[in-house]
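Letter by letter, the chains look like this.
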Amino acid sequence: IPAIVDDGFSIFESGAILLWLAEKTGELMPTDPKGRSRVIQWLMFQMGGVGPMMGQANVFYRYAPEKIPYAIERYTNEARRLYGVMNRRLAKSKYLGGAEYSIADMAVFPWLRSWKNQGIDWTDYPHLKGWFDEIGARPAVKRGVEVLADQRKPVTDDKAREVLFGQTQYRAR
């Protein structure tokens, strides 16, 4: 669970953290009401659609011990639908929330890094692919991806699978 403590104030959930930091710093979020609303809408799109659906697509493509065709097809189709929504948006706008890079872009980008495990062919989404490449080339994003690469360990054994996907994850802690 993403969480931070900022000046003694605890904040959890990535969307809430991004909103907090944008409001605190006055950066990565428009100040006009319409611009702010657009960014928040795309942030909510990530939290309610992109994250959950892409996560499920990845699980059923990559980690499920049993390949369930219905689940793979269902989440692949939903991933394609969401990619299509973002592609149409980016045909009209430089970034998801508008003309400027924002917390909405920051929230969506990591979920698309697993595009292969979501059944995606980038040729179907040229505007989204251009956005993805541009975001991925940002120096701060490159540094963040490197940190993740150093921390992430592949799930290769039954014990790791059990912790991540089995009953262990549901135990009270």
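Chemist: I keep staring at helix α1 (residues 14-25) and nothing clicks. Help me out?
Modeler: Count 3.6 residues to each turn of an α-helix, and residues three or four apart come out pointing the same way. For α1, which comprises twelve residues, the first-to-last C-alpha distance of 16 Å matches the rise-based estimate of 16 Å (1.5 Å per residue) to within 8%. Looking only at α1, the buried set comprises Gly15, Ile17, Leu18, Leu19 and Ala22. In the segment just after α1, Gly26 is the residue with positive phi, at about 75°.

Chemist: What should I look at first to understand helix α2 (residues 33-63) in this one?
Modeler: For α2, built from 31 residues, the straight-helix expectation of 45 Å at 1.5 Å per residue is met to within 8% by its first-to-last C-alpha distance of 42 Å. The largest bend in α2 comes to about 40°, at Gln46.

Chemist: Could you clarify how one ought to interpret the side chain of Ser93 in this entry?
Modeler: By the secondary structure assignment, Ser93 is in the loop between α3 (69-92) and α4 (103-112). One polar contact links the side chain of Ser93 to the main-chain carbonyl oxygen of Tyr95, over a distance of 2.6 Å. Among the polar contacts made by the side chain of Ser93, one reaches the main-chain carbonyl oxygen of Gly98 at a distance of 3.1 Å. Among all residues touching Ser93, those that are not within four sequence positions of it are Gly98 and Ala99.

How each quantity is defined
Residues numbered from 1 in each chain as written. Predicted model: local features only at pLDDT ≥ 70, side-chain atom pairs only at ≥ 80, totals over all residues. Heavy atoms only, no water. Helix = DSSP H or I, 4+ residues; strand = E, 2+ residues; numbered from the N terminus. Expected span 1.5 Å × (residues − 1). Buried < 20%, exposed > 50% of the residue type's maximum accessible area, 1.4 Å probe, protein only. Bend = angle between axes of the 7 residues up to and from the residue. Polar contact = N/O pair within 3.5 Å; in protein donor to acceptor, adjacent residues only side chain to side chain. Contact = heavy atoms within 4.5 Å.

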